[in-house]
Every structure is written in structure tokens, then in C-alpha cells.
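Summary of the model geometry
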Amino acid sequence: MVDATASFDGNRLAASEASPRALPIDAINLSVSAADGAALAAYAKFCRSALFAPAQSAAWILNWAAETGADVLVATLSTGDRPVFALALEVTRRGPFRVARFVGGRHANGNFAAADPHWLANADGEAIRSVLRAIAKARPDIDLVALERLLPDLDGIANPLASFPHFPSPNLSLAADLAGGFDALLSRASGKRRRKKHRSQMRKFEAVGSHRRIEAKTPEEVNRLLDAFFEMKEFRFRKIGVANVFGEPEVRAFFRALFIGALAEEKPSFVLHGLEVAGKLRAVTGSSRSGKRLICEFGAIAEDDLAHTSPGDFLFFDNIEEACETGFEIYDFSVGDEPYKRLWCDIETQHFEVLFPLTLKGRALALELRQGARLKSFIKNSPTVWKLTKRLRRKTVGQAAPVTNEDDN
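Keep in mind the model is a prediction, meaning the values are calculated, not measured. (Residues numbered from 1 in each chain as written. Predicted model: local features only at pLDDT ≥ 70, side-chain atom pairs only at ≥ 80, totals over all residues. Heavy atoms only, no water.)

**Observations regarding the overall build of the protein**
Rules: A run of H or I in DSSP becomes a helix once it reaches four residues, and a run of E becomes a strand once it reaches two; helices and strands are each numbered from the N terminus. Each residue gets one of three labels from its accessible area relative to the maximum for its type: buried under 20%, exposed over 50%, partly exposed in between, using a 1.4 Å probe on protein chains only. Note on areas: Shrake-Rupley, 1.4 Å probe, and residue coverage restricted to the protein chains presented here.
In terms of regular secondary structure, the protein is built from 13 helices and 15 strands. The buried share of the protein, reckoned over its 409 residues, is 51%. For the protein, the exposed surface amounts to about 18800 Å²; the carbon and sulfur share of it is 53%.

**Topic: the side chain of His-273**
Put simply, the rule is: In protein, a polar contact requires one atom able to donate a hydrogen and another able to accept it; more generally it is a pair of N or O atoms within 3.5 Å, and residues adjacent in sequence count only if both atoms are side-chain atoms. Contacts are assigned to residue pairs that have any heavy atoms within 4.5 Å of one another.
Within the secondary structure layout, His-273 lies in strand S11 (residues 270-277). Within the local environment of His-273, its side chain forms a polar contact with the side chain of Arg-213, the two groups lying 3.1 Å apart. In this structure His-273 touches Arg-213, Ile-214, Glu-215, Leu-225, Ala-283, Val-284, Thr-285, Leu-315, Asn-319 and Glu-322, once residues within four positions along its chain are discounted.

**Examining the packing of helix H2 (residues 37-47) against helix H3 (residues 58-68)**
Here is the rule: Every axis corresponds to a line fitted to the C-alpha atoms, with the helix fit spanning only the stretch in contact, and the corresponding angles, defined between N-to-C directions, vary from 0 to 180 degrees. Throughout, the term roughly parallel applies to angles under 35 degrees, roughly antiparallel to angles over 145, roughly perpendicular to angles from 65 to 115, and oblique to all others. Rotating anticlockwise by less than a right angle from the far helix to the near helix defines a left-handed crossing, while the corresponding clockwise rotation defines a right-handed one. The residue classification treats Ala, Val, Leu, Ile, Met, Phe, Trp, Tyr, Cys and Pro as nonpolar and Asp, Glu, Lys and Arg as charged. All others, Gly included, are polar.
Remark: H2 packs on H3, axes separated minimally by 9 Å, with the N-to-C direction vectors making an angle of 160 degrees. Considered as vectors, H2 and H3 are oriented roughly antiparallel to each other. Read as a crossing pair, H2 and H3 show a hand that is left-handed. Where H2 approaches H3, its residues Leu-40, Tyr-43, Ala-44 and Cys-47 are matched on the opposing element by Ala-58, Ile-61 and Leu-62. Split into classes, the residues belonging to the contact of H2 with H3 amount to seven nonpolar, no polar and no charged.

**Some details on the pattern of salt bridges**
What counts here: One side-chain nitrogen of Lys or Arg within 4 Å of one carboxyl oxygen of Asp or Glu is enough to make a salt bridge.
As enumerated under the stated definition, the model contains 25 salt bridges in all. Of the charged contacts in the structure, one is a salt bridge between Asp-143 and Lys-361, with a shortest N-O distance of 3.8 Å. Here Asp-143, found in the loop between helix H5 (125-138) and strand S6 (144-150), pairs with Lys-361, found in helix H12 (residues 360-380); they are 218 residues apart in sequence, far enough to count as distant. According to the relative accessible area criterion, Asp-143 is buried, its value standing at 5%. With a relative accessible area of 40%, Lys-361 lands in the partly exposed category.

**Brief notes about the packing of H3 against helix H9 (residues 249-262)**
Between H3 and H9, the shortest axis-to-axis distance is 9 Å and the interhelical angle comes to 140 degrees. Relative to H9, H3 is oriented oblique. Where H3 crosses over H9, the handedness of that crossing is right-handed. Side by side, H3 and H9 meet where Ala-59, Trp-60, Asn-63, Trp-64, Glu-67 and Thr-68 of the first sit next to Glu-250, Val-251, Ala-253, Phe-254, Ala-257 and Leu-258 of the second. Of the residues in the contact of H3 with H9, the class split is eight nonpolar, two polar and two charged.

**Things to note about the pairing of S6**
For clarity, the cut-off: What makes two strands pair is DSSP finding at least two bridges between them.
Burial within S6 is extensive, with six of its seven residues counted as buried. In this sheet, S6 lies alongside strand S4 (residues 97-102) in parallel orientation, the contact comprising three bridges. If you follow Arg-101 over to S6, its bridge partner there is Ala-146. Relative to strand S15 (residues 347-357), S6 runs antiparallel, the two being bridged by five bridges. If you follow Ala-146 over to S15, its bridge partner there is Leu-355.

**With respect to the nonpolar core**
As a reminder of what qualifies: Nonpolar core, defined: a set of buried Ala, Val, Leu, Ile, Met, Phe, Trp, Tyr and Cys residues in which side-chain atoms within 4.5 Å join the residues together. These domain limits were set by an automatic method or by a database of domain assignments.
Ranked by internal contacts, the top residues of the largest apolar core, which has 83 residues, are Phe-85, Leu-87, Leu-147 and Phe-255. With nine residues, the top contributor of residues to this core is helix H8 (residues 219-240). Taken domain by domain, the makeup of this core includes at least three residues from each of domain 1 (28-170) and domain 2 (179-328). Beyond its immediate sequence surroundings of up to four residues, Leu-87 is in contact with Leu-73, Val-74, Ala-75, Phe-102, Ala-113, Val-131, Leu-132 and Leu-147. Within the second largest apolar cluster, 18 residues are counted, among which are Ala-176, Leu-294, Ile-320 and Trp-344.

**Here's the deal with the environment of Leu-306**
Summarising the element assignment, Leu-306 is placed in the loop between strand S13 (293-301) and helix H10 (311-325). Along the backbone, Leu-306 and Phe-205 are 101 residues apart, and their C-alpha atoms lie at a distance of 8.2 Å.

Pasting the structure below:
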């Protein structure tokens, strides 16, 4: 947990700065607290009735704070005694700047801050601004609040942060519409060819030994699948010259705690699947369940003698088929535009980013981040430039420190 303490009652601030269009002054209550036990318990209680994306769940916030020791704060807007909007953020260093971002950093995708769904119907932008002013008052060391990879809507409810000046995230998010079931999806995605390939892959697996799809249902199975995934990712990132975002021990401990903790839920909100062939894990996926949406948060394959059989594609086939059978309406591949996702997907989602500078230094950083996002968008939306960039990146392996802009999840 975070040892620092910071709290702030925003009633006086709201009274002096709220606009006439905002909630009645006497109805606004603001708090900004370090993520100690009481703050996390209050956030978890709010989440039981709130709408939020997986990376804003109480389990995600609590486990990240516990395992990484991050400087986490929770800013809450209440009407009367009822919380209606909460931002759980971690404060990180970026050179000379301090930035508050969604908890989990680059692991947090498709973000949607916890909010009361009834309040969202008439969400007031000025009320949300008062939350940011409260953060600035309670934590004057923070230069910028950077809210990245935001969903435009969740379960059909618009993201209230979209009412603020924003710009597109550099990477698309891709998903498959499961309406009509698995057969209907395959009819839109070269069904005959995909079924034929799936049977061919099965025969190749059977030629070297038995195969099975695993869902991790015990702590031992969670650890086994994550051990394999971390090894696969480490090899993959080293091969292409990219910094391993899963490499830090505290990040690995976070994912272990997250997936093991989910086992206690009647329907785990986070779940691991693996494809085992001849006693060895050849592909692993980690997913979250969010309403009618199953989200593949990450995946990897073993680059070994069976890599040519596309074990990852085989596992996705089975995962998506099961998602259809269990009533999910969307299979979400999350952030990143990759050919293997395009084979399945017919939904593109453009995430967006909102930057709230809190200091003059923060304004300078916000300008830099906007320009960086535009440059990344240009590179990734130009097939020729993106292909050249990846080729140059591979050539630098072993010659320099790995770059850090990989979006392969």
C-alpha cells in the first residue's frame, strides 16, 4: 500500500469555482485520498454499483497498489453522501515531471473511470473539472493528469471525459461482433477456410502428442500459465528489440495476484487460458470479463518447433467459440492493429486521450505528448513507414537499449 497521505475536502473549492451549470454547491463533495485501506475499501464499495472498465476495477487498483508500491490516489466526486464519479490514479515520474495516470500505466487499456450509471445520464463536465482542481490542490507536485486510451462509451453509455478537449490514441482497438453466434461470425470471416485450418492444426498437434485447452482454475494453474506467458513475452520482446513491459518483478506479482484473486469470484472477472500440446504450453491468453464483452488483455505463443502451426490462432478459435456459447456479444482483442486480429474483427474502436495540465510545466508536457501521439499515428497509419520502422527496430537488437513503444499485447 502507499504510505503517503493526502486528503482534501472540496466543498470550499466547489463553492468558489463551480459554474452555474454545475451541480448545486451544497450537493458537491470532493475528496482526494492516498490509496490506504480505507480509501480502497470505499472505492471497492462504490464499484459494486458503478460502471467501470476492467482496469478501473477495485481488484485491479488494490492489487497494483499492493504489489508495486505505486503512489496511488483516489479522487471522488459525491452528491450529498453518494459517490457518483471516482478517478483512481497513480503518480509517476517522467523526467522532471510528475504525471497522474490510470493505475497500471500501459497495461491499462480501454479505460472508463468508475461512475454511477444514473449520474452519467446527465454528467456535468464542470463537476468533473472540480475533481481535477481538487487533485491540484491536494497534490501540488502533480504537473499533468494524463488519461489515455479512453473508451468512447461503455455498454452504450458515453464516456463523460469525451466532453473535454481530446485527441485520438495512436492505436486502434479491434473487436469481433458475436451477434448470431459462432457460425454467423465464421460466415463473415472465411468460415470454411478457418474450420479446415483448425482441423489441420488439430491433426498436427495430435501427431506430436495429446493437446488440450486449459482454463486456470487453481492458483497452481494460474502460476503455471503466467510463468509460460512471461517466458514467451520475454523471448518475443528481446527478439524484436522492444522493452519488456511484463519484465519487472512487481508487474509479474501484480498479474499473479490479480488472476489468483479472481478465482474467488463466482464468475471470475479475469481469466487465463492456455493451449497445451505434448505436455507443453504453446499459447496463453489473459482475458477480462466486462458486461457482455470478453476482452483479450494479452496473449503470447511459444516460438518453438510448433510455432509454424499457429497455436495462438488455434487458441483464439476456441476462446471465441466459447465466448459465443456463454452469451458474450463482443470479443475484444484490445489495443493494437495486427493481421491476426483483422482475420476475426469487424469492429474498430478509436480510443481517445485527455490531458489536464495542472502546472505550467504540465502544459509543456501536454504539448509534447500531443505531438508524440500525432507522430505515432502517422507512423502506424502508413504501412510503408510502419514496416520500415519495425525492420529498423529489429536491426537495433543488441546494439542499443530497447525502444518502448511496442503495442503487441
